[in-house]
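The primary structure of each chain is shown beneath.
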Amino acid sequence: MSRKPPQVREEPVTYEQYAALPDDGYRYELVDQRLEPMSPAPSTIHQLFVAALRDVLNGECGRDYLLILSPIDVVFSDRDVRQPDLVVVHRDRMDIVRLRGIFGVPDLVVEVLSPGSFQRDRVEKWATYSKYGVPEYWVADPVNGTLDQYVWSRDQLSLSRVYEADECVSSERLPCVKFTMGDLLRILPKLPE
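Calculation rules
- Residues numbered from 1 in each chain as written.
- Predicted model: local features only at pLDDT ≥ 70, side-chain atom pairs only at ≥ 80, totals over all residues.
- Heavy atoms only, no water.
- Phe/Tyr/Trp six-rings, centres within 6.5 Å; stacked < 30°, edge-to-face > 60°.
- Helix = DSSP H or I, 4+ residues; strand = E, 2+ residues; numbered from the N terminus.
- Buried < 20%, exposed > 50% of the residue type's maximum accessible area, 1.4 Å probe, protein only.
- UniProt positions renumbered as here; feature names shortened; annotations may be inferred.
- Pairing = 2+ DSSP bridges.
- Right-handed = clockwise from strand over helix to strand, strands pointing away.
- Axes fitted to C-alpha atoms, helices over the stretch in contact; angles between N-to-C directions.
- Contact = heavy atoms within 4.5 Å.

As annotated in an unreviewed UniProt entry, the chain carries the name Putative restriction endonuclease domain-containing protein and comes from Kyrpidia tusciae.

What follows is the structure, encoded as structure tokens:
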């Protein structure tokens, strides 16, 4: 029998209240002072892709950037806390990385699509990351083999490029980045349904 997440409180929740929540076996995000339950655990391909991406980026950029896998709280304000799949912070900005999470705007956040996460990743999380001026946001889709790259422009995140197959992903914000979606997908095992 699967458990359902508890009913989420309707009254505004502060970061301090969010941080003091007991471990009930669920993960939450804080969105405009509303406690929102996260979806069920990601798929195996999601997790394998996130790990492969982190390994590739760590090999290319690890000397200059800290790469942190979810679950990790990115505390944008007392009202908004998100848990991206992968967070990248330049080592010159380590002051925003603390024991309880990242308190400020990372250099790059990455979300990997899972069944059922399209609305959350492409619309809701985009809105939060845009609101707080995240310089670069990637939405990776391992099923379709694409990576959407959003960059900060004109007071919001705007789609800059969609990478497919063997197109080399690059980033002005992270000049060390150089990989293809094809490279990442080829190292993932083929899994039965």
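There's plenty left to go through after this.
On inspection of all chains with the given rule, the structure shows seven aromatic pairs. Each ring, one from Phe 76 and one from Tyr 129, has its centre 5.9 Å from the other, and the planes form 50 degrees; the classification is tilted. Taken together, the positions of Phe 76 in the loop between strand 4 (74-75) and strand 5 (81-82) and Tyr 129 in helix 3 (residues 118-131) put the pair 53 residues apart, joining distant regions of the chain. On the basis of relative accessibility, which here comes to 12%, the residue Phe 76 falls in the buried class.

Bringing the UniProt feature "domain: Putative restriction endonuclease" (unreviewed entry) in the chain into the picture now. Feature annotation in UniProt places "domain: Putative restriction endonuclease" (unreviewed entry) on residues 16-174, given in this structure's numbering. This span, residues 16-174, is 23% helix and 36% strand, and a straight line between its end C-alpha atoms measures 32 Å.

On a regular strand, each side chain points to the face opposite its neighbour's, so the side chains alternate between the two faces of the sheet. Of all five residues making up strand 9 (residues 108-112), five are buried, and the element is well covered by its neighbours. What you see with strand 9 is no split at all: Leu 108, Val 110 and Val 112 on one side and Val 109 and Glu 111 on the other are buried throughout. The sheet contact formed by strand 6 (residues 86-90) and strand 9 spans three bridges and is antiparallel. Its bridge partner being in strand 9, Val 88 is matched across the sheet by Leu 108. The sheet contact formed by strand 9 and strand 10 (residues 136-141) spans four bridges and is parallel. For Val 109, the partnering residue across the bridge sits in strand 10 and is Tyr 137. Read as a crossover between parallel neighbours, the route from strand 9 over helix 3 to strand 10 is right-handed.

Our focus in this paragraph is the sheet that holds strand 12 (residues 156-164). Reading across from one edge, 3-6-9-10-11-12 is the order of the six strands in this open sheet, with mixed pairing throughout. Looking at strand neighbours, the two that pair on one side only are strand 3 (65-69) and strand 12, the edges of this open sheet. Neighbour to neighbour, the strand axes of the sheet diverge by 20 degrees on average, direction disregarded. In this fold helix 3 packs onto strand 9, strand 10, strand 11 (146-153) and strand 12, with an angle of close to 165 degrees to the strand it touches most, strand 10.

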